[in-house]
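Working through the structure, step by step
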Amino acid sequence: MCLAVPGKVLAIEDRDGTRMASVDFGGVVKEVCLEYLPDLRVGEYAIVHVGFALQRLDEESARKTLELFENLGMLQEEFGDPWEQAAAEAHGPGSVGGATGTVAREARP
């Protein structure tokens, strides 16, 4: 499922002529394109879908929505568990995250 999730802009930079931002989604930070909201500033909130900030949002609405998504498990579904992802990456290629942790795949001839 791909949600439109509210996030808080932490930093903004120009990357090869494109405005990009580091955006915090309740503890998960992702890179987001700001081309649809060129006047968005650090500290403001926006609704983000598939890596693009689409609409400015007030802080109270953003916090309520993030809390609701978290309570429903939708943030976990959308972003995954960052600790589980880090563990899978630490095990290198061929590792996959499972529901109970990281499991390495067996090599087969």
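Basis of the calculations
- Along each chain, the written sequence defines residue order, and numbers are assigned to residues from 1.
- This being a predicted model, a pLDDT of at least 70 is required before a residue's local features are given, and a value of 80 or more before pairs of side-chain atoms are given or counted; all residues contribute to the totals for chains, interfaces and linings.
- Heavy atoms throughout the structure, all of them, feed into the side-chain values; hydrogens and water do not.
- The nonpolar core is taken to be a set of buried Ala, Val, Leu, Ile, Met, Phe, Trp, Tyr and Cys residues, with the residues joined through side-chain atoms within 4.5 Å.
- Only protein chains enter the accessibility calculation, which uses a 1.4 Å probe. A residue is then buried if its area is under 20% of the maximum for its type, exposed if over 50%, and partly exposed in between.
- Going along the chain from the N terminus, every DSSP run of H or I of four or more residues is numbered as a helix, and every run of E of two or more is numbered as a strand.
- An expected span of 1.5 Å times one less than the residue number is assigned to each helix.
- Any pair of N or O atoms that falls within 3.5 Å is considered a polar contact. Within protein, one atom must be able to donate a hydrogen and the other to accept it, and sequence-neighbouring residues count only if both atoms are side-chain atoms.
- In this analysis, rings of Phe, Tyr and Trp, with Trp reduced to its six-membered ring, are considered paired at centre separations within 6.5 Å, and the interplanar angle assigns stacked below 30 degrees, edge-to-face beyond 60, and tilted for intermediate values.
- Contact definition: two residues touch when any of their heavy atoms are within 4.5 Å.

Here we come to the nonpolar core. Membership of the largest hydrophobic core comes to 15 residues, with the highest contact counts inside it found for Val5, Val23, Phe25, Val32, Leu34, Leu40 and Ala53. Those elements that place two or more of their residues in this core are strand 1 (5-15), strand 2 (18-25), strand 4 (45-49) and helix 1 (59-71).

Right, let's talk about helix 1 for a bit. Here helix 1 contains 13 residues, and its C-alpha end-to-end distance of 18 Å stays within 8% of the 18 Å for a straight helix at 1.5 Å per residue. The N-terminus of helix 1 is capped by Asp58, whose side-chain oxygen sits 3.3 Å from the backbone nitrogen of Glu60. The first or second residue beyond helix 1 is Gly73, which carries a positive phi of 80°.

The next subject is unusual backbone geometry. With glycine set apart, most residues show a phi of negative sign, and most peptide bonds adopt trans. Its identity is not glycine, yet Asp16 carries a phi of approximately 55°, on the positive side. Counting through the fold element by element, Asp16 comes out in the loop between strand 1 and strand 2. Backbone geometry at Val50 places phi at a positive 45°, although glycine is not the residue there. Within the secondary structure, Val50 sits in the loop between strand 4 and strand 5 (52-57).

In this section: the packing of aromatic side chains. Summed over all chains, the structure comprises 1 aromatic pair. Judged by centre distance (5.5 Å) and plane angle (45°), the rings of Tyr36 and Phe52 are tilted. With Tyr36 in the loop between strand 3 (28-33) and strand 4 and Phe52 in strand 5, the pair connects residues that are 16 residues apart, well separated along the chain. When its relative accessible area of 55% is taken as the criterion, Tyr36 is described as exposed.

What follows deals with the environment of Leu40. Along the chain, the position of Leu40 falls in the loop between strand 3 and strand 4. Residues Leu40 and Ile12 lie 28 residues apart in sequence; the distance between their C-alpha atoms is 9.1 Å. Not counting residues within four places of it along the chain, the set of residues in contact with Leu40 comprises Val9, Ile12, Arg19, Leu34, Tyr45, Ala46, Ala53 and Arg56.

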